[in-house]
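# A look at the structure
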Amino acid sequence: MAQMKILITDNFTENGIESLSASADVDYQPGMAPDDLLDCISAYDALIVRGRTKVNADVIVAASKLKVIGRAGVGVDNIDLASAQSRNITVVNTPTANTIAVAEHTLALIFALVRSVAQGDAAMKSGRWIKDDIVSTEMGGKVLGIVGLGNIGSAVAQRAAGFGLKVIAHDPKKTDEFLSRHSAESVTLADLYSRADIISLHVPLSPKTQHMINGQAFAQMKRGVYLICTARGGIINETALLSALETGQVAGAALDVFAQEPPGLTAVVSHPKVIATPHIAAQTHQAQIRAAADIADEVLAALRGEPLRWKIV
Ligand code: MLT
């Protein structure tokens, strides 16, 4: 195995590098530019990335020795899966490493948005005491609609139920019994839109979910709904969101993810009814260490031809 070469092009914690180095030559090049990746990828048996590196068809064509791509994290929308599959390159991810971190950040955003925490903080920092201007809404008894009840959606549901929210969820891949075990009532998407006071998105970005939250979806939602997204930019049509914020159809949005990252100071980011964080939901020490450990094990298993836990293609 010592002859195997593994390239890591995004931030990765030391525990993962140590674990890989025991069995392979590891090049740790976080922040590698796309052209440099294209130039050097033919030398490697495995590539490990997070979300920043785009593993597109050009990279895959140039990767003449590549056997496995490891995604330290959940979303694989930055990897051209069809190209990888067509060249028999295995793609693996770490679907459980981030669950708690992302669920907790989702709850933090819900509270910060609905209880005006960020607005109050911004006013204090500009020397304004706006106590009388802020009268927010209690969360207890409000309806939280979760779109997508995978690992993260389920963890959000259970935590939100603990805060007294009534949780409804839509996930056509899950049984009603599964949803009920995770403190959620199973509903159609139309029901979710019409009943939820707060909507949190937990689906991957795919051609099916791209812009699923558009003008038509906003029109079906309750007036004054709050929208939370820690899943992927691109699921929400940001132009439609701006209109819905302007008309008051959406009372506020809390976003950790954007169509373009980094987005810069866009109209969405700077909107007074939007709380924005820089894709940090999974940025906890614990999640990063778990993701590095999990992907190191999985990539080494793939190189050895052993059974895999999290094979995407
Ligand atoms: C993920 O897909 O794992 C999260 O969005 C975190 C990340 O990409 O770093």
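Residues numbered from 1 in each chain as written. Predicted model: local features only at pLDDT ≥ 70, side-chain atom pairs only at ≥ 80, totals over all residues. Heavy atoms only, no water.

To continue, consider the domain arrangement of the protein. Each domain of the protein was delimited in the assignment, giving domain 1 (5–97 + 285–304) and domain 2 (99–276). Look at where the C-alpha atoms of domain 1 and domain 2 centre, and you get two points 31 Å apart. Each side of the interface is counted separately: domain 1 has eight residues, and domain 2 has six residues. Buried surface at the junction of domain 1 and domain 2, summed over both partners, amounts to about 500 Å²; 42% is from carbon and sulfur atoms. On the surface where domain 1 and domain 2 come into contact, there are one salt bridge. Note that Asp 77 and Arg 232 form a salt bridge whose closest N and O atoms lie 2.9 Å from each other. (Domains from an automatic or database assignment. Contact = heavy atoms within 4.5 Å. Buried area = accessible area lost by both parts, 1.4 Å probe. Salt bridge = Lys/Arg side-chain N within 4 Å of Asp/Glu carboxyl O.)

This part is about the site of the ligand. The local shell around the ligand consists of Arg 50, Arg 71, Gly 73, Val 74, Gly 75, Asn 98, Arg 232, His 279 and Ala 282. At 2.7 Å, a side-chain N or O of Arg 71 approaches an oxygen atom of the ligand. Taking 260 Å² as the accessible area of the ligand by itself, protein coverage stands at 88%. Taken together, the residues that form the shell around the ligand break down as two nonpolar, four polar and three charged. (Near = heavy atom within 4 Å. Polar contact = N/O pair within 3.5 Å; in protein donor to acceptor, adjacent residues only side chain to side chain. Areas by Shrake-Rupley, 256 points an atom, 1.4 Å probe, with all protein chains shown as cover. Nonpolar A, V, L, I, M, F, W, Y, C, P; charged D, E, K, R; others polar.)

Structurally, Gly 248 can be placed in the loop between helix H11 (238–247) and strand S11 (250–255). Overall, Gly 248 belongs to the buried group, its relative accessible area being 18%. Taking the C-alpha atoms as reference points, Gly 248 and Lys 273, 25 residues apart in sequence, are found 9.8 Å from one another. Apart from the residues within four sequence positions on either side, Gly 248 is in contact with Arg 223, Gly 224 and Lys 273. (Helix = DSSP H or I, 4+ residues; strand = E, 2+ residues; numbered from the N terminus. Buried < 20%, exposed > 50% of the residue type's maximum accessible area, 1.4 Å probe, protein only.)

The next point concerns the sheet that holds strand S2 (residues 25–28). Sheets are built from strands paired through backbone hydrogen bonds, the pairs being either parallel or antiparallel. Strand order in the open sheet formed by five strands is S2-S1-S3-S4-S5, with parallel pairing between adjacent strands. Since the sheet does not close on itself, it has two edges, and those belong to S2 and strand S5 (90–92), each with one partner. Ignoring which end each strand starts from, the neighbouring axes of this sheet average 15° apart. Note that strand S3 (residues 46–49) and strand S4 (residues 68–71) share four bridges and pair parallel. From the neighbouring strand, Ala 46 faces S4, where its bridge partner is Val 68. The sheet contacts of helix H12 (residues 285–304) involve strand S1 (5–8), S3, S4 and S5, and relative to S4 the element is tilted by about 170°. (Pairing = 2+ DSSP bridges. Axes fitted to C-alpha atoms, helices over the stretch in contact; angles between N-to-C directions.)

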